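Topology and contacts: notes
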Amino acid sequence: MQNLRLLKVFPLFLVPFAFAAALAAQTTRPQPEKDLARAIYKEFIEINSGFTSGPTTPVAEAAAARLRAAGFPDSDIFLDGANPRKKNIVVRYHGTGARKPLLLLAHIDVVEALRADWTMDPFTLNERDGYFYGRGTGDDKAQAAVWIANLIQYKKEGFKPDRDIIVALTADEEGGGPFNGVEWLIKNHRDLIDAEFALNEGGWGESANGKRLSNDVQVSEKYVINFRLEVHNKGGHSSLPVADNAIYHLAGALDRLSKFGFPMKTDEVTSAYFRQMAKIEHNDDLAKVADGSQEAMTRVAAAAAQWNAGLRTTCVATQLEGGHAVNALPQLAAATVNCRVLPGDSVEYVQSTLQKVFADDKVEVKIMGEPSKGPASPMRPDVLNAVTSLTSKMWPGVATVPIMVMGATDGKYLRIAGIPCYGVQGFFFDRDDIRFHGRDERMGVDAFYEGQAFLYDLVKSLSSK
Ligand SMILES: [Zn+2]
């Protein structure tokens, strides 16, 4: 109402500005809430919780102190982990219990950052030129800070959700390893984080040239299988070569792999993705891909590695070794083949397909480690509708796009455990300037506060009818 009054006294050319200001005001929370989110964010960023170099326990403890100060009882705060340095925090905000809980997840470890590589101290929150700089500003301490700040605000307001809201800030997402908090919690304290579904990192807003394009929701992710190929041979002197040569067997198999492509297909998630991208990019071929056209898939896969990877399982040679002397026939030739597998393709299918492609009994194909295949989360209409309607309210014209990611997040552990997980943040990043894991990682200041407001409303709408 106050803004309408402004219109009357302002000269006409300022009217659009006044409208813009009024709209912008609606996309962030009131100042005291922004200040709290920023203070928690700063505190988290300034604790070095590098995956190998820094503990997560101080971050978890800082969050616990904030919650206690806001009146959360100790009985609702859990602090522990697979290792004393790698603690997690789980806090429960009680609802009426009409529905199963909602889990809000974020990891509090970060990728290493060296002062020498950066133009500023990566463990000081620097605000300049409209950006927050620091390790973890994007991945993943913004979401961690916002979950805590918003939970404190719900309590302050006396918001009564119809389900418990659980926030879990966890250790060691980056690089996995023995202290992964989500894996540890599922194994040891499943009751603490058991939920109907979860929200996590993995999806964010994409903008290009300052224009917001899409708000991505990560629904599924590819999983990894690493194969070791080995060819053994009795060897001999290189002056008496024979046709049966370990290196040639391996090279032949890899050459056949280089010419092979797994069948292209879409599933529920990727066809929804291509349908939305067709609208954003004004590209008919993408719509045909969503309809299942093989010809369109061939063209689209050839146009971008990203789209190729979205349409099929991919396997590529990444490491090579072989031979032991310049003048000896090789006794061993070996290679690593790294596969990024569609959620619908099984380990057995990928292995047997590769064996057919290699078409050589001399090439032994072994799986390295244990692939962990998670199912896709179902395309839950409640989650997708809530994200879509909020997105169009906050950023008119911006599409909500379900995505499958080629990398992996902690969402995998939840999906395997039967808790569907959705990557959604509402933080917008320039799609050509993603600095997660890199130098001078940053987050737009406006993007941070808009994401806070977006997640505040999203969680409320998913926990009240
Ligand atoms: Zn992350």
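A brief report on the enclosed structure follows. (Residues numbered from 1 in each chain as written. Predicted model: local features only at pLDDT ≥ 70, side-chain atom pairs only at ≥ 80, totals over all residues. Heavy atoms only, no water.)

**Some points on the side chain of aspartate 216**
For clarity, the cut-off: Secondary structure elements follow DSSP: runs of H or I of four or more residues count as helices, runs of E of two or more count as strands, with numbering from the N terminus. Exposure classes here rest on a 1.4 Å probe applied to the protein chains alone. A residue is buried below 20% of its type maximum, exposed above 50%, and partly exposed in between. Neither His nor the chain ends is counted toward charge; the positive residues are Lys and Arg and the negative residues Asp and Glu. Only one rule defines a salt bridge in this text: a Lys or Arg side-chain nitrogen within 4 Å of an Asp or Glu carboxyl oxygen. For the purposes of these results, a polar contact is taken to be a pair of N or O atoms within 3.5 Å, where, inside protein, one atom must be able to donate a hydrogen and its partner to accept one; residues adjacent in sequence count only when each atom of the pair is a side-chain atom. Residue contacts follow a heavy-atom distance rule, with two residues in contact if any of their heavy atoms lie within 4.5 Å.
Mapped onto the elements, aspartate 216 comes out in strand S9 (residues 211-221). Buried within the structure, aspartate 216 lacks any salt-bridge partner; arginine 431 is the closest side chain of opposite charge, at an N-O distance of 8.0 Å. Among the polar contacts made by the side chain of aspartate 216, one reaches the side chain of serine 214 at a distance of 2.9 Å. Ignoring sequence-local partners within four residues, the contact set of aspartate 216 consists of Gly203, Trp204, Gly205, Glu206, Val401, Ile403, Gly423 and Val424.

**What about the nonpolar core?**
Where we set the bar: Take the buried residues of types Ala, Val, Leu, Ile, Met, Phe, Trp, Tyr and Cys, join any two whose side-chain atoms come within 4.5 Å, and each joined set is a nonpolar core.
Counting residues in hydrophobic clusters, the biggest one holds 70 residues, and the most contacted among them are Phe44, Leu169, Leu199, Phe448 and Leu458. Per element, the largest residue contribution to this core is 11 residues, and it comes from helix H16 (residues 445-462). Counting residues in hydrophobic clusters, the runner-up holds 23 residues, among them Val337, Val350, Leu354 and Phe358.

**Side note on unusual backbone geometry**
Outside of glycine, negative phi angles account for most residues, and trans bonds account for most peptide bonds. Cis geometry marks the peptide bond from aspartate 139 to aspartate 140; its omega dihedral reads 10°. Along the chain, aspartate 140 falls in the loop between strand S5 (131-133) and helix H5 (141-157). Backbone geometry at aspartate 172 places phi at a positive 55°, although glycine is not the residue there. Note that aspartate 172 resides in the loop between strand S6 (165-170) and helix H6 (181-188). Residue class for aspartate 172 comes out buried when judged on its relative accessible area of 2%. Phi at alanine 359 is positive, roughly 50°, even though this residue is not glycine. Mapping alanine 359 onto the fold places it in the loop between helix H13 (347-358) and strand S15 (364-368).

**Digging into the sheet that holds strand S14 (residues 332-341)**
Condition: Here a strand pair is declared whenever DSSP counts at least two bridges between the two strands. Fitted lines through C-alpha atoms give the axes, limited to the stretch in contact for helices. The angle between two N-to-C directions lies from 0 to 180 degrees.
Pairing within the open sheet is antiparallel, and its four strands lie in the order S12-S14-S10-S15. Because the sheet does not close on itself, it has two edges, and the strands there are strand S12 (314-322) and S15. Adjacent strand axes in the sheet meet at a mean angle of 25°, parallel and antiparallel pairs treated alike. When strand S10 (residues 223-232) meets S15, the two strands line up antiparallel, connected through five bridges. Counted as the bridge partner of leucine 229 is valine 365 from S15.

**Focus: the side chain of arginine 163**
The topology assignment puts arginine 163 in the loop between H5 and S6. The exposure class of arginine 163 is buried, given its relative accessible area of 1%. Looking at arginine 163, its side chain comes within polar contact range of the main-chain oxygen of leucine 462, at 2.6 Å. Excluding its chain neighbours within four sequence positions, the residues that come into contact with arginine 163 are Tyr93, Gly95, Thr96, Gly97, Arg99, Lys100, Pro101, Leu102, Glu196, Phe197, Leu462 and Ser463.

**Notes on helix H11 (residues 294-303)**
Applied cut-off: Think of the arc as the fan of directions from the helix axis to the C-beta atoms.
When H11 is considered as a whole, its buried residues turn out to be Ala296, Met297, Val300 and Ala301. The buried residues of H11 occupy one face: seen down the axis, they fall within an arc of 130°. The exposed set on the far side of H11, more than 90 degrees from its buried face, consists of Glu295, Ala302 and Ala303. If you follow the buried residues of H11, they end up packed against helix H9 (268-281), helix H10 (284-290) and helix H12 (305-311). At the N-terminal boundary of H11, the capping side chain belongs to serine 293, with an oxygen 3.4 Å from the backbone nitrogen of glutamate 295.

In short, the description is geometric, and any link to function would need to be established separately.
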